[in-house]
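Each chain, written out:
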Amino acid sequence: MSASSADETLVVALVKAERTKIRYPADVVRADGTRVTVRAPWAAPGVRDFGSVRFEPGDVFTEHYWRDRWFAVKEVRTGAGELKGWYCDITRPAVLRDGELLVEDLDLDLWVSADGTSVLRLDEDEFAESGLAERDPAAAGAARRALDELEHLARTEGFAALLA
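Residues numbered from 1 in each chain as written. Predicted model: local features only at pLDDT ≥ 70, side-chain atom pairs only at ≥ 80, totals over all residues. Heavy atoms only, no water.

## Things to note about the pattern of salt bridges
Then, in step 1: In this structure the tally under the stated criterion is 18 salt bridges.
Then, in step 2: Here D107 and K16 are joined by a salt bridge, their closest N and O atoms 3.0 Å apart. Here D107 is found in strand β10 (residues 100-113), whereas its partner K16 is found in strand β1 (residues 9-16), with 91 residues between them in sequence.
Then, in step 3: Taking the shortest distance from any N to any O, the salt bridge between E151 and R121 comes out at 2.5 Å. (Salt bridge = Lys/Arg side-chain N within 4 Å of Asp/Glu carboxyl O. Helix = DSSP H or I, 4+ residues; strand = E, 2+ residues; numbered from the N terminus.)

## Thoughts on the side chain of D105
Then, in step 1: The residue D105 is located in strand β10 in this model.
Then, in step 2: In this structure D105 comes out as buried when scored by relative accessible area, which is 5%.
Then, in step 3: A polar side-chain atom of D105 sits 2.7 Å from the main-chain amide nitrogen of D107.
Then, in step 4: Among residues more than four places away in sequence, those in contact with D105 are L14, V15, K16, K21, D89, I90 and T91. (Buried < 20%, exposed > 50% of the residue type's maximum accessible area, 1.4 Å probe, protein only. Polar contact = N/O pair within 3.5 Å; in protein donor to acceptor, adjacent residues only side chain to side chain. Contact = heavy atoms within 4.5 Å.)

## Things to note about the pairing of strand β2 (residues 19-31)
Then, in step 1: Bridge analysis of β1 against β2 gives eight bridges, and the strand direction is antiparallel. Bridge assignment links V15 to a residue of β2, and that residue is T20.
Then, in step 2: Here β1 folds back onto β2, and the loop between the two strands holds two residues, one of which, A17, carries a positive phi near 55°.
Then, in step 3: Taking the residues between adjacent antiparallel strands as the criterion, β2 and strand β3 (residues 35-41) are bridged by three residues, where G33 takes a positive phi near 100°. (Pairing = 2+ DSSP bridges.)

## Here we look at the side chain of S113
Then, in step 1: Within the fold, S113 resides in strand β10.
Then, in step 2: Filtering out sequence-adjacent residues up to four positions away, S113 remains in contact with K84, G85, W86 and S118.

## Comments concerning the confidence of the model for the protein
Interpreting fine coordinate detail is not advised for predicted regions of low pLDDT.
Then, in step 1: Across the protein, the average pLDDT comes to 93, with 96% of residues at 70 or higher.
Then, in step 2: The least confident element of the protein, judged by mean pLDDT, is strand β4 (residues 48-49) at 90; the most confident is strand β6 (residues 60-66) at 98. (pLDDT = per-residue confidence, 0-100.)

## What about the layout of surface pockets?
Then, in step 1: When its volume is computed, the largest pocket comes out at roughly 380 Å³.
Then, in step 2: Breaking the lining of the largest pocket down by element, the ones donating at least two residues are β1, β2, β6, β8 (83-91) and β10.
Then, in step 3: Lining the second largest pocket are K16, A17, E18, R19, R92, E104, D105, L106, D107, S130, L132 and R135.
Then, in step 4: If you list the elements that add at least two residues to the lining of the second largest pocket, you get β10 and α2 (132-135).
Then, in step 5: When residues of the lining of the second largest pocket are assigned to their parent elements, the largest contribution, four residues, is made by β10.
Then, in step 6: Of the residues in the lining of the second largest pocket, the class split is three nonpolar, one polar and eight charged. (1 Å grid on protein atoms, 1.4 Å probe; cavity = no way out; pocket = protein on both sides within 12 Å on 5 of 7 lines; lining within 4 Å. Points joined across faces, edges and corners; volume = space filled by probe spheres on them. Nonpolar A, V, L, I, M, F, W, Y, C, P; charged D, E, K, R; others polar.)

Okay, here's the thing in C-alpha cells:
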C-alpha cells in the first residue's frame, strides 16, 4: 500500500476473543507504513447508545490505526459533518495483510467528547473479566499503558498532534 492511497479501499476486521466481531469496507485516507487511516460509515446495524453518545446510521468514522501502538483512535462525525468526538479502542498493533486490516480489540475503550469536557474510560470490567492479565500479562500491561496514554493526551493537549 503506497503512502498516498486515497483511492484504495480495504476491509477492516475487528476481532475480539478470537472471533470476528465485525468486518466492513473502508476507504484509505492515508497509509505511511506505520499508521493507516481509513474512513467508513457506521458499519454496525442500527443505533448503539453509550449514554454519552449515540452511534447511528449516517455517522462517519475516520479511523486511525497503528502497526506499532496498542490503540486506535476513531473520529466520529454526523453525516452532516458535526464532530461528535473520539472513540478510542485499546487494541494490539494492527496487522495489514492482503487488503485487510486486522485489529484485535482488548476490551478497554476511551470516549472523548467533541468539546473535550467528557473523557470516559469504558469497559474496564470487561477487560478484567477477559482473563488477559492471566493469559498474557505483557499484553494486559501494554493495554493499560495505552489507555493511560490516551486519557492523558485527551485531558491535556488533545489528539491533534497524534493524528496530524
